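Spelled out from the first residue to the last, the chains are:
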Amino acid sequence: MNNWFIRFLTSSVGKKLLMALTGLFLILFLVVHLSGNLQLLHNDGGKSFNIYAEFMSTNVFIQTISKLNFTFILLHVLLSLYLTIQNRRARGGKRYAVTSGKSSVWASRNMGILGTLVLIFLVVHLRHFYGEMHFGSVPTVNYDGKEVRNLAAVVDYWFSKDWYVALYVFCMGALGFHLWHGFVSAFQTLGLNHPKYNGLIFFVGKAFAVIVPALFAYIPIAMYFNL
Amino acid sequence: MKLTLKIWRQKGPNEKGEFKTYVHDKVSPDMSFLEMLDVLNTELIKKGEEPVHFDHDCREGICGMCSLYINGRPHGPLQTTTCQLHMRSFKDGETITIEPWRAKPFPVIKDLVVDRSAFDRIQQAGGYISVNTGAAPDANEIPIPKKIADEAMDAATCIGCGACVAACKNASAMLFVAAKVSHLALLPQGHAERKERVERMVAQMDAEGFGACTNTRACEAECPKGISVAHIARLNREYYNAMLTSYELPSKAGGDG
Ligand code: HEM
Ligand code: SF4
Ligand code: FES
């Protein structure tokens, strides 16, 4: 462990830096993903969504970013597991008999649980949509002479099941709480804490944590109730 | 006032401890928390029982010795040291649970007394500056802007009590280390060792077995000196800068590690 770079990234501060950087990358990914999903709200039989999905799943550049994204999710999850275990151990053999939640926010104390809920969601979600698109057989539709896989139909199928919509909405709630703490926390980890821009980070962070998961959750609700 | 006290009793470092319940009816609201325990101990000694061991020294909020995790919070319900907490902050008839700081790097020595020498080792790893011996330099020889001096002074008020570790769900010592690093990094006198200081202090903090920071800010809320987590952000910046730009140092993480 004499190499400075390894010492840097394996220190407690270094591991937190990796958590923050991967977390912020995932936040960017959420924005891109959401902008795609919102195409489902167009009343065009899924055409704009399908064209978008076809582009995303075949474009070489996007596919490279996608591999990077998977790597970062894995890194974020594995590091979070390691840190959570290490942090529990630091308390020692005996835990407090009485604790109080007065000095911190609930979400900040439960990032592990919230992250796990997001992970469960990710696995289910990848299995049904990403898995079908890349490894399954999705029926195709023809738009102006171009064969395009009809992912919108797959989405329609799942979003007509009440338990699926409920799970989706619940997990978006968990994501919201994860981001409620995570967004602002990542900037603190990067060392970006200054009265000049703290207000901005706080405002954007909290707004993001509410609006983005809410929009994600609105889509299955709208499709289920045919809004 | 009459109180029911649930106090952690543990004979020695390797003994199994347990809670013992005491009914204490000689409490005045004007007593400090430690005076309340003094009276309890007098009663215990009169009865021929072993008094409750707890740490204290200055009893004026400046030494950081008094600890005690009271009803789920370090130093009890107020943001102050236990010696500065008074019984008027509690209700007559209340049950108060008193535990020692719980952290792997702070092992219990006896009852409510823990060994906080891990903090000393972190401090020794880098929390110092080099000065020439000889006549004292002129006080205003080095110009330091008022704002910087104030910020450094805020960090320097840390009394090393360990409430930040006790309050943190990860038993992280980041606020303490941040205060020490920040204080010296801000001042010109601290610049000679600036990079190796933060490298060594973080390495020692990790070697002692403290947890990593998750920015819950519980430390800031419980710190009797109101040290801000802005210092933790500065520690992070100092650490990144040191790791990326310092000259190679032989890694030396002494102590337990
Ligand atoms: C789209 C998905 C996700 C996003 C956008 C995201 C974002 C973030 C961000 C920004 C942070 C704050 C980093 C910091 O404090 O510096 C964070 C922390 C954390 N994340 Fe995630 N995350 C996601 C998924 C997950 C998953 C799947 C897990 C895993 C089980 C997870 C577990 C954690 C944990 C435990 C922390 C706190 C770690 C610590 O501070 O030590 N996250 N996340
Ligand atoms: S930072 Fe505050 S809580 Fe932590 S040791 Fe210093 S004075 Fe005590
Ligand atoms: S006894 Fe010194 S700070 Fe409380």
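Analysis parameters
- Residues numbered from 1 in each chain as written.
- Chains lettered and ligands numbered in written order.
- Predicted model: local features only at pLDDT ≥ 70, side-chain atom pairs only at ≥ 80, totals over all residues.
- Heavy atoms only, no water.
- Helix = DSSP H or I, 4+ residues; strand = E, 2+ residues; numbered from the N terminus.
- Buried < 20%, exposed > 50% of the residue type's maximum accessible area, 1.4 Å probe, protein only.
- Contact = heavy atoms within 4.5 Å.
- Areas by Shrake-Rupley, 256 points an atom, 1.4 Å probe, with all protein chains shown as cover.
- Lys, Arg positive; Asp, Glu negative; His and termini not counted.
- Charge placed at Lys NZ, Arg CZ, Asp CG, Glu CD.
- Domains from an automatic or database assignment.
- Buried area = accessible area lost by both parts, 1.4 Å probe.
- Salt bridge = Lys/Arg side-chain N within 4 Å of Asp/Glu carboxyl O.
- Polar contact = N/O pair within 3.5 Å; in protein donor to acceptor, adjacent residues only side chain to side chain.
- Arc of directions from axis to C-beta.

1. Thoughts on the overall build of chain A
Line of reasoning, step 1. A tally of regular secondary structure across chain A gives nine helices and two strands.
Line of reasoning, step 2. Considered along the principal axes of its C-alpha atoms, chain A spans approximately 65 × 40 × 40 Å.
Line of reasoning, step 3. Among the 227 residues that make up chain A, the fraction classed as buried is 43%.
Line of reasoning, step 4. Across chain A, contacts joining residues at least 24 apart in sequence account for 74% of those joining residues at least 6 apart.
Line of reasoning, step 5. About 12,300 Å² of surface is accessible on chain A, with carbon and sulfur atoms providing 70% of the total.
Line of reasoning, step 6. Averaged over its 18 positive side-chain charges, chain A has a centre that lies 31 Å from the centre of its 7 negative ones.

2. Focus on the domain arrangement of chain B
Residues and elements named next belong to chain B.
Line of reasoning, step 1. Each domain of chain B was delimited in the assignment, giving domain 1 (3-110) and domain 2 (117-245).
Line of reasoning, step 2. A C-alpha centroid distance of 29 Å is found between domain 1 and domain 2.
Line of reasoning, step 3. Contact with domain 1, which involves 17 residues of that partner, is made by 21 residues of domain 2.
Line of reasoning, step 4. Both faces considered, domain 1 and domain 2 share a buried interface measuring about 1,400 Å² in area, 58% of it formed by carbon and sulfur atoms.
Line of reasoning, step 5. The three residues of domain 1 that bury the most area against domain 2 are Q79, P105 and F106, which together make up 38% of that side's buried surface.
Line of reasoning, step 6. Joining domain 1 to domain 2, the criterion identifies one salt bridge.
Line of reasoning, step 7. Among the salt bridges present, the one from E222 reaches R73, with a minimum N-O distance of 2.8 Å.
Line of reasoning, step 8. Remark: the boundary between domain 1 and domain 2 carries five residue pairs in polar contact (both at pLDDT 80 or more).

3. A look at the pattern of salt bridges
Residues and elements named next belong to chain B.
Line of reasoning, step 1. For the coordinates displayed, the defined rule picks out 19 salt bridges over all chains.
Line of reasoning, step 2. A salt bridge links R9 to D111; the shortest N-O distance between them is 3.2 Å. Placement of R9 in strand β1 (residues 3-9) and of D111 in the loop between β6 (108-110) and β7 (113-114) is noted, with a sequence separation of 102 residues between them. Of the two residues, R9 and D111, both sit in the buried class.
Line of reasoning, step 3. Between E196 and R200 there is a salt bridge, and its shortest N-O distance comes to 3.8 Å. Note that E196 and R200 are positioned in helix α6 (residues 194-208) at a spacing of four residues, about one turn of the helix.
Line of reasoning, step 4. On the basis of relative accessible area, E196 is assigned to the partly exposed category, the value being 28%.

4. Focus on helix α2 (residues 117-126) of chain B
Residue and element names in this part refer to chain B.
Line of reasoning, step 1. Turning to α2, its buried residues are A118, F119, I122, A125 and G126. Buried residues along α2 cover an arc of 120° about the axis, so they all sit on one side.
Line of reasoning, step 2. Contact partners of the buried residues in α2: α4 (163-167), α5 (174-186) and α6.

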